[in-house]
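Per-entry structural report
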Amino acid sequence: MASGHSLLLENAQQVVLVCARGERFLARDALRSLAVLEGASLVVGKDGFIKAIGPADVIQRQFSGETFEEIIDCSGKCILPGATYMEIHQAGGGIHFTVERTRQATEEELFRSLQQRLQCMMRAGTTLVECKSGYGLDLETELKMLRVIERARRELDIGISATYCGAHSVPKGKTATEAADDIINNHLPKLKELGRNGEIHVDNIDVFCEKGVFDLDSTRRILQRGKDIGLQINFHGDELHPMKAAELGAELGAQAISHLEEVSDEGIVAMATARCSAILLPTTAYMLRLKQPRARKMLDEGVIVALGSDFNPNAYCFSMPMVMHLACVNMRMSMPEALAAATINAAYALGKSHTHGSLEVGKQGDLIIINSSRWEHLIYQFGGHHELIEYVIAKGKLIYKT
């Protein structure tokens, strides 16, 4: 392992750890107040992982005489974990319109547009992103999208969790059952093969479980087959109609379910019991004028609540601070709840909360520094985050500076 230290962030007014005891998620009373250090410093090693966090004077003594590649004076500023940005679908304009455009686009064109969008997200404080396919529907175009996501994962500084979403819509000329059969018999075996030989790494499987799209039975078959080949289940459920998707996800051991505007009380209890996280999407409810998901009910029942952007043609928002603000205003979440939902719980929803989502020794050095003496300003302020976020750091590397 590389010796020495890469980065010293010293004398921060506040360091928001989010977790201090290695928690993989926060729920119920743990959300009332987050772990915050005042007057603290943080050290990231050359391997990109956090080596020390503590009172500024203690860190100064502990590392006196050490050399650092970068030292940032954080006096009067706050350090927070980088946000986890759930759900980007590439491209734009109504699913079937977008499918046609995506089929016509070259891999290079798709990569350039994805790269530009990821850079916008990173400048708004995101260091880990879930990217989905889902605008191909046929195997060839789905694989094209997944190759683009794989290239971004290898070449860009931002962390990426890849989701196969071939069941985003039923292709023209097929029934839901026929589409499910195609995915199970053709798409998933190919993904397994490409994963085995190291060409494409896919983390999650998604299905749009909805009336007129994939019914509960087709959804179950696709998700179970995905789980059988080692993919985490992370799917769209109970968005426009109550489908008992939450109950299905809990039964299948899903890592996460997104949307949930129409989830039943029984579904909420089932998700809490199964530790299946709920990815709530404030921008979607706002822009599509949908009923708000019942965040307070979920929080009170002990569901692991995460926040996502649902970046797609219907919800064109790059900013997790904006998502957190909307969650507080429209879903009645508190600021600690919103920050935990966008960091540790969002990382949990991707199965990555052991390495991401909080500032703790041994975790990846993904963080942001904001020009404010209180962390809440990141959420309280509506818009204008480019002036507030001064630095974005991923794996201990400075990837953005205002």
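Everything numeric in this text was worked out from a predicted model, so none of it was measured. Within any chain, residue numbers begin from 1 and follow the written order of that chain's sequence. Confidence filtering applies because this is a predicted model: local features only for residues at pLDDT of at least 70, side-chain atom pairs given and counted only at 80 or more, and all residues used for totals across whole chains, interfaces and linings. Excluding hydrogens and water, the side-chain values take into account all heavy atoms of the structure.

**As for the nonpolar core**
Across soluble globular proteins, nonpolar side chains show a tendency to be buried alongside one another. Put simply, the rule reads: Buried residues of nine kinds, namely Ala, Val, Leu, Ile, Met, Phe, Trp, Tyr and Cys, make up a nonpolar core once their side-chain atoms join them within 4.5 Å. Exposure classes here rest on a 1.4 Å probe applied to the protein chains alone. A residue is buried below 20% of its type maximum, exposed above 50%, and partly exposed in between. The numbering of helices and of strands both runs from the N terminus, where a helix is a DSSP run of H or I of at least 4 residues and a strand a run of E of at least 2.
Counting 102 residues, the largest nonpolar core has Leu-118 and Leu-307 as its most contacted members. In terms of residue count, helix α5 (residues 176-196) provides more of this core than any other element does, eight residues in total. Within the second largest apolar cluster, 17 residues are counted, among which are Leu-42, Ile-72, Leu-359 and Tyr-391.

**So, a nonpolar patch on the surface**
Condition: Here, patches come from residues exposed beyond 30% relative accessible area and free of salt bridges, joined within 9 Å for like charges and within 5 Å for nonpolar side chains (Val, Leu, Ile, Met, Phe, Trp, Tyr). To measure how exposed things are, a 1.4 Å probe is used in the Shrake-Rupley method; for residues, cover is taken only from the protein chains shown. When a carboxyl oxygen of Asp or Glu is within 4 Å of a side-chain nitrogen of Lys or Arg, the pair counts as a salt bridge.
Residues Tyr-286, Met-287 and Leu-288 make up a contiguous nonpolar surface patch of roughly 280 Å² in combined accessible area. Tracing the backbone shows Met-287 in helix α9 (residues 282-287).

**Here we look at the environment of Ile-72**
Using the following cut-off: Every residue pair with non-hydrogen atoms within 4.5 Å of one another is taken to be in contact.
As for its position among the elements, Ile-72 is in strand β4 (residues 68-73). Put simply, Ile-72 and Leu-9 are 63 residues apart on the chain and 5.0 Å apart in space, counted from C-alpha to C-alpha. Look past the residues within four positions of Ile-72 in its chain and what remains in contact with it is Leu-7, Leu-8, Leu-9, Glu-10, Ile-369, Tyr-391 and Ile-393.

**Structural notes on the packing of aromatic side chains**
The cut-off we apply is this: Any pair of Phe, Tyr and Trp rings, taking the six-membered ring for Trp, is counted once the centres come within 6.5 Å. Such a pair is stacked with planes under 30 degrees apart, edge-to-face with planes over 60 apart, and tilted for the rest. Working rule: Lys NZ or Arg CZ, within 6 Å of ring centre, within 35 degrees of ring normal, means a charge sits over the ring.
Evaluation of the coordinates by the stated rule reveals five aromatic pairs. Ring geometry for Phe-25 versus Tyr-348: centroids 5.2 Å apart, planes at 65 degrees, classification edge-to-face. Here Tyr-348 lies in helix α13 (residues 344-349) and Phe-25 lies in the loop between β1 (5-18) and β2 (35-45), a separation of 323 residues in the sequence. For the residue pair Phe-25 and Tyr-348, the accessibility class agrees, reading buried in each case. When the centroid spacing of 5.4 Å and the interplanar angle of 75 degrees are considered together, the rings of Tyr-316 and Phe-318 count as edge-to-face. Chaining the aromatic ring pairs together yields one cluster made of Phe-311, Tyr-316 and Phe-318. Over the face of the ring belonging to Phe-111 we find Arg-151, whose NZ or CZ atom lies 3.7 Å from the ring centre.

**Topic: the pattern of salt bridges**
Here the structure, examined in full by the defined rule, presents 26 salt bridges. Of the charged contacts in the structure, one is a salt bridge between Lys-363 and Glu-360, with a shortest N-O distance of 3.8 Å. Overlapping salt bridges bring together Glu-108, Arg-112, Arg-151 and Glu-155 as one network.

**Topic: the pairing of strand β12 (residues 277-280)**
Selection criterion: Two strands form a pair only when DSSP identifies at least two bridges running between them. Note on handedness: a clockwise path from strand one over the helix to strand two, with the strands aimed away from the viewer, defines a right-handed crossover.
Every second residue of β12 is oriented toward a common face, with Ser-277 and Ile-279 on one face and Ala-278 and Leu-280 on the other, all of them buried. Both strand β11 (residues 256-259) and β12 contribute to a ladder of three bridges, which runs parallel. Bridging from a neighbouring strand, Ser-258 pairs with Ile-279 of β12. Crossover β11 to β12 through helix α8 (residues 265-274) is right-handed. Where β12 and strand β13 (residues 305-307) come together, three bridges link them in parallel fashion. In the sheet register, Ile-279 faces β13, and the bridge partner there is Ala-306.

**Some words on the side chain of Lys-363**
This is how the line gets drawn: A 3.5 Å cut-off defines polar contacts: any pair of N or O atoms within that distance qualifies, except that in protein one atom must be a possible hydrogen donor and the other a possible acceptor, and neighbouring residues in sequence count only when both atoms are side-chain atoms.
Here Lys-363 is to be found in the loop between α13 and β14 (367-370). Overall, the relative accessible area of 4% leaves Lys-363 in the buried class. For Lys-363, the side chain forms a polar contact with the main-chain oxygen of His-356, separated by 3.1 Å. In this view, Lys-363 contacts Phe-49, Ile-50, Ile-344, Ser-353, His-354, Thr-355, His-356 and Ser-358; residues no more than four positions away in its chain are not counted.

**Here's the deal with the environment of Leu-299**
Following the sequence through the fold, Leu-299 ends up in helix α10 (residues 295-301). Residues Leu-299 and Leu-31, 268 residues apart in the sequence, show an inter-C-alpha distance of 9.1 Å.

**Some thoughts on the packing of helix α3 (residues 107-123) against helix α4 (residues 139-155)**
Here is the rule: Orientation is described by axes fitted as lines to C-alpha atoms, over the contacting stretch for helices, and by angles from 0 to 180 degrees between their N-to-C directions. Throughout this description, any angle smaller than 35 degrees is read as roughly parallel, any larger than 145 degrees as roughly antiparallel, any in the 65 to 115 degree range as roughly perpendicular, and the remainder as oblique. What makes a crossing left-handed is the near helix being turned counterclockwise from the far one by less than a right angle; a clockwise turn instead makes it right-handed. The residue classification treats Ala, Val, Leu, Ile, Met, Phe, Trp, Tyr, Cys and Pro as nonpolar and Asp, Glu, Lys and Arg as charged. All others, Gly included, are polar.
Two elements in contact, α3 and α4, have axes separated by 9 Å at closest approach and are oriented at 50 degrees. Comparing the axis directions of α3 and α4 gives the class oblique. Here α3 and α4 pass one another in a crossing that is right-handed. Contacts between α3 and α4 involve Glu-107, Glu-108, Leu-110, Phe-111, Arg-112, Leu-114 and Leu-118 on the former and, on the latter, Lys-144, Arg-147, Val-148, Ile-149, Arg-151, Ala-152 and Glu-155. When its residues are assigned to classes, the contact of α3 with α4 shows seven nonpolar, no polar and seven charged.

**Looking at unusual backbone geometry**
When glycine is set aside, most residues are seen to have a negative phi, and most peptide bonds are trans. For Val-18, which is not glycine, the phi dihedral falls at a positive 70 degrees. Checked against the element boundaries, Val-18 lands in strand β1.

**Quick word on α3**
Put simply, the rule is: In this scheme, a helix's expected span is set at 1.5 Å multiplied by one less than its residue total.
End to end, α3 covers 24 Å across 17 residues, agreeing with the expected 24 Å (1.5 Å per residue, within 8%). Phi turns positive one or two residues past the end of α3, at Gly-125, with a value near 100 degrees.

**Re the packing of α5 against helix α6 (residues 216-228)**
Viewed as axis vectors pointing N to C, α5 and α6 meet at an angle of 5 degrees, and their least axial separation amounts to 9 Å. Here α6 runs roughly parallel to α5, going by the angle between their axes. Contact residues: α5 offers Ala-176, Thr-177, Ala-180, Asp-181, Ile-183, Ile-184 and Leu-188, while α6 offers Ser-218, Arg-221, Ile-222, Arg-225 and Gly-226. Split into classes, the residues belonging to the contact of α5 with α6 amount to six nonpolar, three polar and three charged.

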